[in-house]
Amino acid sequence: MKSKKVMSGFLAVVVTFSMIGNVFAVGIDEVTVQKKAKNVILMIPDGMSTGGVALARWYNGGAAFNLDSMASGLVRTYSSDAPIADSAPAGTAMATGFKSHTGFIGVLPDENTMPGLEALNSADKRKPVASILEAAQLDEKATGIVSTSEIMHATPAAFTAHDPSRKNYDSISEQQVYQDIDVVIGSGSKYFTSDVRGDKEDLVSVLKSKYQYVTTPNEFNKVTSGKLWAMFTPIAASYDFDRDPNKEPSLSQMTKKAIDLLSQDKDGFFLMVEGSKIDWAAHANDPIAIISDIIAFDEAVAVALDFAKKDGNTVVISATDHGNSGITIGNKATDNTYDKTPLSSFINPLKKAKLTGEGLETKFNADRSNIVEVMATFYGLSDLTAAEIAEIKDTKAGSMNYTVGPMIAKRANIGFTTNGHTGEDVPLYVYAPESVNQLTGTVENSDIATYMEKAMGIDLSTTTDKLFVKARAAFESKGATVLFENTDSKNPVLVAKKGSIEIKMPINKNIAYVNGSPITLDGVVLFNGIDTYVPQSAVDLLQ
Ligand SMILES: [Zn+2]
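A short tour of the structure in this document, coming up. (Residues numbered from 1 in each chain as written. Predicted model: local features only at pLDDT ≥ 70, side-chain atom pairs only at ≥ 80, totals over all residues. Heavy atoms only, no water.)

1. Remarks on the coordination of the zinc ion
Thinking step 1. Distances from the zinc ion to its protein donors, Asp-46 (OD), Asp-46 (OD), Ser-87 (OG), Asp-321 (OD) and His-322 (NE2), fall within 1.8 to 2.6 Å.
Thinking step 2. Judged by its relative accessible area of 2%, Asp-46 falls in the buried class. (Donors = N, O, S within 2.8 Å, 3.2 Å for Na, K, Ca; no water. Buried < 20%, exposed > 50% of the residue type's maximum accessible area, 1.4 Å probe, protein only.)

2. Description of the pattern of salt bridges
Thinking step 1. What the rule picks out here adds up to 23 salt bridges.
Thinking step 2. As a salt-bridge pair, Arg-76 and Glu-444 come within 3.7 Å of each other at their nearest N and O atoms. Of this pair, Arg-76 sits in strand E4 (residues 71-76) while Glu-444 sits in strand E16 (residues 441-444), placing them 368 residues apart in sequence.
Thinking step 3. By relative accessible area, which is 7% here, Glu-444 ends up buried.
Thinking step 4. Residues joined in a network through salt bridges with shared partners are Arg-76, Lys-99 and Glu-444. (Salt bridge = Lys/Arg side-chain N within 4 Å of Asp/Glu carboxyl O. Helix = DSSP H or I, 4+ residues; strand = E, 2+ residues; numbered from the N terminus.)

3. Quick word on the packing of helix H13 (residues 371-379) against helix H14 (residues 386-394)
Thinking step 1. Two elements in contact, H13 and H14, have axes separated by 10 Å at closest approach and are oriented at 95 degrees. As far as their axial angle goes, H14 and H13 are roughly perpendicular. Residues Ile-371, Val-372 and Met-375 of H13 lie in contact with H14, whose contacting residues are Ile-389, Ile-392 and Lys-393.
Thinking step 2. Residue composition of the contact of H13 with H14, grouped by class: 5 nonpolar, no polar and 1 charged. (Axes fitted to C-alpha atoms, helices over the stretch in contact; angles between N-to-C directions. Parallel < 35°, antiparallel > 145°, perpendicular 65-115°, else oblique. Contact = heavy atoms within 4.5 Å. Nonpolar A, V, L, I, M, F, W, Y, C, P; charged D, E, K, R; others polar.)

4. A look at the packing of aromatic side chains
Thinking step 1. Under the criterion given, the structure shown has 8 aromatic pairs.
Thinking step 2. On the numbers, 5.8 Å between centres and 50 degrees between planes, the contact of Phe-269 with Phe-307 is tilted. Placement of Phe-269 in strand E9 (residues 269-275) and of Phe-307 in helix H10 (residues 287-311) is noted, with a sequence separation of 38 residues between them.
Thinking step 3. Ring-pair connections join several aromatic residues into one group, and the members of that group are Phe-192, Tyr-211 and Trp-229.
Thinking step 4. Residue placement shows Lys-257 over the ring face of Phe-220; its charged tip is 5.3 Å from the ring centre.
Thinking step 5. Sitting above the plane of the Tyr-239 ring, Lys-277 keeps its charged end 4.1 Å from the centroid. (Phe/Tyr/Trp six-rings, centres within 6.5 Å; stacked < 30°, edge-to-face > 60°. Lys NZ or Arg CZ within 6 Å of the ring centre and 35° of its normal.)

5. What to know about the side chain of Ser-147
Thinking step 1. Of note, Ser-147 is situated in strand E5 (residues 142-150).
Thinking step 2. Accessibility expressed as a relative area gives 0% for Ser-147, which makes it buried.
Thinking step 3. Here the side chain of Ser-147 touches Ser-149 through a polar contact of 3.0 Å, landing on its backbone oxygen.
Thinking step 4. The contact partners of Ser-147, leaving out residues within four places of it in the chain, are Pro-156, Ile-185, Gly-186, Ser-187, Met-254, Glu-274 and Ser-276. (Polar contact = N/O pair within 3.5 Å; in protein donor to acceptor, adjacent residues only side chain to side chain.)

6. Considerations on helix H15 (residues 400-411)
Thinking step 1. Look at H15: 17 Å from first C-alpha to last across 12 residues, which is about the 16 Å you get at 1.5 Å a residue.
Thinking step 2. Following H15 by one or two positions, Asn-413 has its phi on the positive side, about 55 degrees. (Expected span 1.5 Å × (residues − 1).)

7. Observations regarding the nonpolar core
Thinking step 1. Ile-185 and Met-375 are the most contacted members of the largest nonpolar core, which totals 69 residues.
Thinking step 2. Ranked by residues supplied to this core, first place goes to H10 with 13 residues.
Thinking step 3. Dropping the residues within four chain positions of it, Ile-185 is found in contact with Ile-145, Val-146, Ser-147, Ile-151, Phe-220, Leu-228, Ala-230, Phe-232, Met-254, Lys-257 and Ala-258.
Thinking step 4. Met-94, Ala-95, Ala-158 and Ile-448 belong to the second largest nonpolar core, which has 64 residues in total. (Core = buried A, V, L, I, M, F, W, Y, C linked by side-chain atoms within 4.5 Å.)

8. Re helix H9 (residues 277-284)
Thinking step 1. Among the 8 residues of H9, 6 are classified as buried, and the element is accordingly described as predominantly covered.
Thinking step 2. Taken together, the buried positions of H9 are Lys-277, Ile-278, Asp-279, Ala-281, Ala-282 and Ala-284.
Thinking step 3. Phi turns positive, to about 55 degrees, at Asn-285, one or two residues after H9.

9. Here we look at the sheet that holds strand E8 (residues 228-231)
Thinking step 1. Strand order in the open sheet made by the 10 strands is E7-E8-E6-E5-E9-E3-E10-E15-E4-E16, with mixed pairing throughout. Every interior strand has two partners, whereas the edge strands, strand E7 (212-214) and E16, have only one. On average, each strand axis in the sheet is tilted by 15 degrees relative to the strand beside it, whichever way the strands run.
Thinking step 2. When E7 meets E8, the two strands line up parallel, connected through 3 bridges. When the bridges of E8 are listed, Tyr-213 appears paired with Trp-229. (Pairing = 2+ DSSP bridges.)

10. Brief notes about the side chain of Thr-92
Thinking step 1. Inspection of the secondary structure assignment puts Thr-92 in helix H2 (residues 87-96).
Thinking step 2. From its side chain, Thr-92 meets the backbone oxygen of Phe-104 in a polar contact 3.2 Å long.

11. A short note on the sheet that holds strand E18 (residues 481-485)
Thinking step 1. The strand order E18-E19-E20-E21-E22 describes an open sheet built from 5 strands, whose pairing is antiparallel. Edge positions in the sheet fall to E18 and strand E22 (517-520), since each has one partner strand and no second. On average, each strand axis in the sheet is inclined to that of its neighbour by 25 degrees, with strand direction left out of account.
Thinking step 2. Note that strand E20 (residues 501-506) and strand E21 (residues 511-514) share 2 bridges and pair antiparallel. Along E21, the bridge assignment pairs Ile-503 with Val-514.

Just distances and angles here, no functional claims.
Structure representation (structure tokens):
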């Protein structure tokens, strides 16, 4: 699998110098590989640009963020075939060590065309590749994911599922249910219900049989050990400024709970935490929502950092997957006044907003006859033009942040260049105990996976070999016949038969039925649109 990797060479073996007599001696006996870290916490502020960080820091009073103490380098975020990444390949790169194509979750691209990437072997098109979470799991570590988006959204999906389409929520969420992740905290409960799912499976019942399944902060607070699956909203979580603490915990509370539970595993843990909606706020050009969720994200970083410093055996890494919106303090209106513009003129208009553009939407009455009052009370805008009021009135449900965000940004002279992602390098933040080397310099997003792999002393490549074997060839080489059972086209089952043995393997699950008796596999059975993949442990069921 090495042909897909970007060769950056940053992971040089750490050479230790030891004093022998009065000379520094370095030689083969003294060369040691870095000490392993027991735990890794990866925190992804999705779509967080440095302009947003600087703005949120000033909004918050100007003191350093927790992230600031961890600034370590830069990350190149491009995908296999485009300079501007989508969250799916960007998350896949951080999770697996391989850059991929827009929309692709945990699978290789069809081709590598960006400069510097090695050509992809055509037999590896869309091949699933192991994530750092899967590798940690096979190494007996506890694993967890936390997000403020739906849990099957691109970034958490990249660590827990494999599918060439991020939109394939049914497939991704089913894989997540059967991945045996220890702690899942997020949102998106509706996508697990039989009435919403195309395959009509009732995955909420399955979750209840496998996990402490909770949907309220009250139930959440009571969980002190064991496996937890928490979802507080049917779709994504609220922005932090709009959040009702009686209905949804904060990202820092979710992070703390995940660490409290996972750190009980003596083998260590891997945790991925995503501040998902910084990205959505940036798409909308809503500076209030960007600030809201950057501050909430940094509070979650504080929790992880606090644990890591006390633990002494934990690496914390943070990097966004890509920039978004080109947010800047200053815009075309400050072309000639930028260095004379006081801080207050950028921040004070923003301070008047109490809710994000999304939270605001619930305050309008059905006919939107109270726009003037709502915008003055909750968004601090009391000088709306007739055209702006008309624009708000005409905004379709769910898109209010796209309308009002730019209105407040204009008054605060906050600039945006796009409603899309951007291609600049992004900051790398790393906290590592003294015994583990720091990841520094300008690195590839895929290097983050390699660094985590080395830091934990686990192996992504052998995990891929164990978890993703082309099923047909593997079973046929053992003399079996292989077919798809298509009695239920929405729930395909791979069948391998040899003599009196019949193994049935439902797609997206980690179960093999051997002559009807269920056996739990160490990974899920996958179909990537080209081939079916099974863990080696499924093939080994046939003698
Ligand atoms: Zn993203």
